[in-house]
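Here's the letter readout for the chains.
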Amino acid sequence: MKYAIVTGASRGLGESVAKLFMEQGIHVIGLSRRENKALHNHAEKQQASYTHVTCDLGQTEQVKTAYSNISEHLPTDGLDTLYLINNAAVVEPIDQAMRIDPDDLVNHVHINTIAPMILANLLLQKAVQIDVPLICATVTSGAADRPTYGWSAYCSTKAAMDIYTKTVALEQEKLQTDNKVIAFSPGIMDTNMQTTIRQTREDAFVDRETFRHYKAENMLRDTETVASVLIDILLDKANIINGKIYKANDYL
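So, a few notes on the structure that sits alongside this text. What you are looking at is a predicted structure, and each value in this text was computed from that prediction instead of being measured.

The rules we used
- Residues numbered from 1 in each chain as written.
- Predicted model: local features only at pLDDT ≥ 70, side-chain atom pairs only at ≥ 80, totals over all residues.
- Heavy atoms only, no water.
- Helix = DSSP H or I, 4+ residues; strand = E, 2+ residues; numbered from the N terminus.
- Buried < 20%, exposed > 50% of the residue type's maximum accessible area, 1.4 Å probe, protein only.
- Contact = heavy atoms within 4.5 Å.
- Axes fitted to C-alpha atoms, helices over the stretch in contact; angles between N-to-C directions.
- Parallel < 35°, antiparallel > 145°, perpendicular 65-115°, else oblique.
- Left-handed = near helix turned anticlockwise from the far one by under 90°.
- Nonpolar A, V, L, I, M, F, W, Y, C, P; charged D, E, K, R; others polar.
- Expected span 1.5 Å × (residues − 1).
- Polar contact = N/O pair within 3.5 Å; in protein donor to acceptor, adjacent residues only side chain to side chain.

So, unusual backbone geometry
Point 1. That bond from glutamate 92 to proline 93 is cis: its omega, 10 degrees, falls within 30 degrees of zero.
Point 2. The topology assignment puts proline 93 in the loop between strand E4 (81-86) and helix H4 (102-130).
Point 3. The phi dihedral of aspartate 131 falls on the positive side, at around 60 degrees, and the residue is not glycine.
Point 4. Counting through the fold element by element, aspartate 131 comes out in the loop between H4 and strand E5 (134-139).
Point 5. Despite not being glycine, glutamine 176 shows a phi value in the positive range, around 60 degrees.
Point 6. Topologically, glutamine 176 is positioned in the loop between helix H5 (152-175) and strand E6 (180-185).
Point 7. Glutamine 176 gets classed as exposed once you look at its relative accessible area, which sits at 71%.

Structure, rendered in structure tokens:
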């Protein structure tokens, strides 16, 4: 029996990943502020289940409570693999660094960096306790590798998760566990985040017209296509390289 925890499962890439997991007979626990009823309906058609856990990933206490709820839903017998997909993230605030509100910055870092670290840390501990391998994938971005005007927060938090991934993978290798910790860069997708980017003021994000061009020229991939790449990587457990930053562009 396999279980997958997916953050940001209510829409976009997270929803597509959750659906594909269930189509493989893998039970899914989704974390998000809003519940997607369609995922329950999808689970009924598959040999799997879907459980929603309400959580604002910007609030540390809610993240810890969500982990407790996850633990309660995991079976005590018959579990052979556990997946964690740290998918949820925000791109805002988009602006010159000197104009960013401190509270907005704190919320951004909580969602993009602190929450996924907390969940991964706790689930790695859980995996060792119950002797079940954890495969953790954090959705990253090409923004982690290059500075982008207006994205000081986003570039920084994605870069932080990349080095976190490599560091934790190093630890797991040294400890000789069966846990795998990777990151996955999906490339440009047709999501609500892209809509937000296209609507940003040009003085806050000088590359706005480039992203409008992506949409106008149908250069944005659908989330189902990208999710299928991630699922194929995750299900090929024997060949997962610990600490690797996988890129969808290498497979599409």
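Now that the structure has been shown, the text picks up again.
Some remarks on the side chain of glutamine 194
Point 1. If you trace the backbone, glutamine 194 turns up in helix H6 (residues 192-198).
Point 2. With sequence-adjacent residues up to four places away left out, glutamine 194 is seen in contact with Ile188, Met189, Phe211 and Leu220.

Here we look at the packing of helix H1 (residues 12-23) against helix H2 (residues 37-45)
Each pair of packed helices can be summarised by the angle the axes make with each other and by the distance between the axes.
Point 1. Remark: H1 packs on H2, axes separated minimally by 9 Å, with the N-to-C direction vectors making an angle of 15 degrees. The angle between the axes of H1 and H2 places the two elements in the roughly parallel class. Taken as a pair, H1 and H2 cross one another with a handedness that is right-handed. Note on element contacts: H2 touches H1 through Leu39, His42 and Ala43, opposite Glu15, Ala18, Lys19, Met22 and Glu23.
Point 2. Taken together, the residues that form the contact of H1 with H2 break down as four nonpolar, one polar and three charged.

Describing H1
Point 1. In this model H1 runs 17 Å from its N-terminal to its C-terminal C-alpha over twelve residues, within 8% of the 16 Å that 1.5 Å per residue would give.
Point 2. For H1, the set of buried residues is Leu13, Gly14, Glu15, Ser16, Val17, Ala18, Phe21 and Met22.
Point 3. Backbone geometry just downstream of H1 places glycine 25 in the positive-phi region, at approximately 80 degrees.

Digging into the environment of threonine 157
Point 1. Counting through the fold element by element, threonine 157 comes out in helix H5.
Point 2. Of the residues examined, threonine 157 reaches a relative accessible area of 4% and is grouped as buried.
Point 3. Residue contacts for threonine 157: discarding those within four places in its chain leaves His108, Val109, Asn112 and Thr113.
Point 4. Among the polar contacts made by the side chain of threonine 157, one reaches the main-chain carbonyl oxygen of tyrosine 154 at a distance of 3.2 Å.

Observations regarding the environment of histidine 213
Point 1. Within the secondary structure, histidine 213 sits in helix H7 (residues 208-216).
Point 2. Judged by relative accessible area, which is 41%, histidine 213 ranks as partly exposed.
Point 3. Separated by 15 residues in sequence, histidine 213 and arginine 198 have C-alpha atoms that sit 9.4 Å apart.

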